[in-house]
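# Structural overview
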Amino acid sequence: MTMLHTILFSIFLSKLCSGANILAIFPLPGFSHFVMFAPLMEELARRGHNVDVVSFFPLKNPIDGYNDMILSGNFPSTTNRHLKDIRHFPNVKMVARMTSHCGAEFCKSTFEGPQLQVLKQSSKKYDLLITELFASNCMLGFAWYFGVPSVVMTTSINLPWAAESFGLPDNPSYIPNYFMGATSHMSLSERLRNTWSLVLSKILYQIYSLKPSNLLLKKFFGKYVPDLEILVRNTSLQLVNTHFSISDARPLVPNVVEVGGIHIREDRRGVPENFDEILNTDKNQQGVIYFSLGTVLSVESLSGTKISGLFEAFAELPYKILWKWSDISSSISISLGDFRVKLFISHEGMMGLQEAVYCDTPILGITIFADQYQNIKKAEDKGFAIMLDYDDLSKESISHLYFRYAFNAKAVSRKYKDRPMSALDTAVYWVEYVIRYKGAPNLQSSAKSLAWYQYYLLDVIGISLGTLLMVICIFSKLVKGLYRSAQTKAKYE
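We now turn to the structure provided with this report. Quick caveat, the model's predicted, so the values are computed rather than measured. (Residues numbered from 1 in each chain as written. Predicted model: local features only at pLDDT ≥ 70, side-chain atom pairs only at ≥ 80, totals over all residues. Heavy atoms only, no water.)

## Let's talk about the state of the cysteines
Evaluation of the coordinates by the stated rule reveals one disulfide. The disulfide bridge from Cys-107 ends at Cys-138, spanning 1.9 Å between sulfur atoms. Since a negative S-S torsion denotes a left-handed disulfide, the Cys-107-Cys-138 link at about -100° is left-handed. Of the two residues, Cys-107 is situated in helix H4 (residues 91-112) and Cys-138 in the loop between strand E4 (128-132) and helix H6 (141-146); the sequence distance between them amounts to 31 residues. This pair shows no difference in class: Cys-107 is buried, exactly as Cys-138 is. (Disulfide = S-S within 2.5 Å. Helix = DSSP H or I, 4+ residues; strand = E, 2+ residues; numbered from the N terminus. Buried < 20%, exposed > 50% of the residue type's maximum accessible area, 1.4 Å probe, protein only.)

Structure, rendered in structure tokens:
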């Protein structure tokens, strides 16, 4: 009965803001990111909204109200075929590459393409902009251009440069940042590294993404468009692909909402016939191990030695190996949800990790770069995964480690799925809330408007210390004066 009430209430609320014109722009040509965005865009269209989606990934099966505007042109590649080049990037170089390559460079390529030029000339009246908050936020310029509130989506844990835009606490004493492979229980050395990593990430973002993106923004929209710092602070809502059951608990402001697992279809009805045949095992096999490096990392980026080692290790295991190879796309959740799949060997991307948790499938994580180190650390801390460093990837290591995968997967999965509303329904509710209340400024924390020294009360501490010093000085002078006066009086007596 409770679920029925929730559905009826959601339908009632959607009627209050039905028929909104929504513009969604996703300029990153990475399918692993779009996997999170597509379900929300499709659901908004199904609920009666008119959604114009600017992306690289047109809908295969048309939905009424869902309108594709396909991006094309000379864009930087997001598929990495040189794994050895990025694995040993120092933190500085990783942040610099991410904020420039996936930030300003994509802004430039997108603004120069014909699609946004056409969109800029459109006379259509929109009610909302939805875009991605990643290495750059330049698409928020369209919120200013069309005079509409904005919603941003983040496909990972929150980014270091996002917190201050929403007034979100990001205390490095217990909140590990995106580039820090640690849990919330950090040692002194980890807290030291986490603090410097957080500060450095914010500085590099300013240098490699924010400043050049602002120049591109003004070139495209004109000199009167506000700076990106202002546009981001005016964002009405952020939907983050996390959930406290598998991530560390942290304080959130009302307009930062966790929707981890939004991409997972809860109405799956078994596997397709061709997959069913693949997942069948013979009497000598104890089940299936699924191995995937996702969509960003290419199998060709593995060295010949690593691939040979994997083949040798897999050959000795009493399991059938389902290996996602090259650019062949398949639904991870289709295979992970099957009872025959016993283990998921993954690079620990957030999407695959969440699907494994949802399907209570344990994980053997091979860390590569970026947030994957933190993802596997948290998964290992929760007890449903084991980490294996890429450099240790060999026949011997897999043969000895595969059977040690965690038995806690089912318990974590129950916590992950125990929610008052699904991730998709939660996202739709808050998006429509923003539409209903014209940007919903009541959700926003005033902390985002404070300067950093005000936020950390450095001005108050400075004035308080100054006042205290002044009182001490006055008291000291007074005591000295009284002492001298008493000495003088005693001398004459």
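## Comments concerning the nonpolar core
Soluble globular proteins tend to bury their nonpolar side chains together. In this structure, Leu-23, Phe-111, Leu-119 and Phe-142 are the most contacted members of the largest nonpolar core, which totals 53 residues. Elements represented by at least two residues in this core include exactly strand E1 (21-25), H4, helix H5 (114-120), H6, helix H7 (163-166), helix H8 (188-221) and helix H9 (228-233). Broken down by element, this core gets its largest block of residues, eight residues, from H4. Setting aside residues no more than four positions away along its own chain, Leu-23 makes contact with Asp-52, Val-54, Leu-119, Tyr-126, Leu-128, Leu-129, Ile-130, Phe-142 and Phe-146. Phe-34, Met-36, Val-51 and Ala-423 belong to the second-largest nonpolar core, a separate cluster that totals 36 residues. (Core = buried A, V, L, I, M, F, W, Y, C linked by side-chain atoms within 4.5 Å. Contact = heavy atoms within 4.5 Å.)

## Observations regarding the packing of aromatic side chains
Counted by the stated rule, this structure contains 26 aromatic pairs. When the ring of Phe-26 is compared with that of Phe-34, the centres are 6.0 Å apart and the planes differ by 75°; the resulting orientation is edge-to-face. We note that Phe-26, like Phe-34, is buried. Arranged with centres 4.9 Å apart and planes meeting at 80°, the rings of Phe-142 and Phe-221 form a pair that is edge-to-face. (Phe/Tyr/Trp six-rings, centres within 6.5 Å; stacked < 30°, edge-to-face > 60°.)

## So, the environment of Glu-105
Assignment of secondary structure puts Glu-105 in helix H4. Distance in space between the C-alpha atoms of Glu-105 and Ser-213 is 8.6 Å, their sequence separation being 108 residues.

## A closer look at the layout of surface pockets
Space inside the second largest pocket adds up to approximately 650 Å³. Lining of the second largest pocket is provided by 30 residues; of these, Glu-164, Asp-170, Lys-202, Trp-452 and Tyr-456 occupy positions nearest its centre. For the lining of the second largest pocket, the secondary-structure elements that each account for two or more residues are H7, H8, H9 and helix H18 (452-455). Sort the elements by how many residues they give to the lining of the second largest pocket and H8 lands first, with eight residues. Taken together, the residues of the lining of the second largest pocket break down into 19 nonpolar, five polar and six charged. (1 Å grid on protein atoms, 1.4 Å probe; cavity = no way out; pocket = protein on both sides within 12 Å on 5 of 7 lines; lining within 4 Å. Points joined across faces, edges and corners; volume = space filled by probe spheres on them. Nonpolar A, V, L, I, M, F, W, Y, C, P; charged D, E, K, R; others polar.)

## A word on empty space enclosed by the protein
Taken as a whole and judged by the stated rule, the model has four cavities of 30 Å³ or more. Taken as a whole, the largest cavity holds about 280 Å³ of empty space. Taken together, 24 residues line the largest cavity, and the ones lying closest to its centre are Ile-157, Asn-158, Ile-175, Pro-176 and Arg-250. Looking at the lining of the largest cavity, the elements that each hand over two or more residues are strand E7 (256-258) and helix H14 (372-382).

## Let's talk about the sheet that holds strand E3 (residues 66-70)
Ordered in space as E3-E2-E1-E4-E5-E6-E7, the seven strands form an open sheet in which the pairing is parallel. On the outer flanks of this sheet lie E3 and E7, each paired with one strand and no other. Ignoring strand direction, the axes of neighbouring strands in this sheet form an average angle of 20°. Across five bridges, E1 lies against strand E2 (residues 50-55) in parallel orientation. (Pairing = 2+ DSSP bridges. Axes fitted to C-alpha atoms, helices over the stretch in contact; angles between N-to-C directions.)

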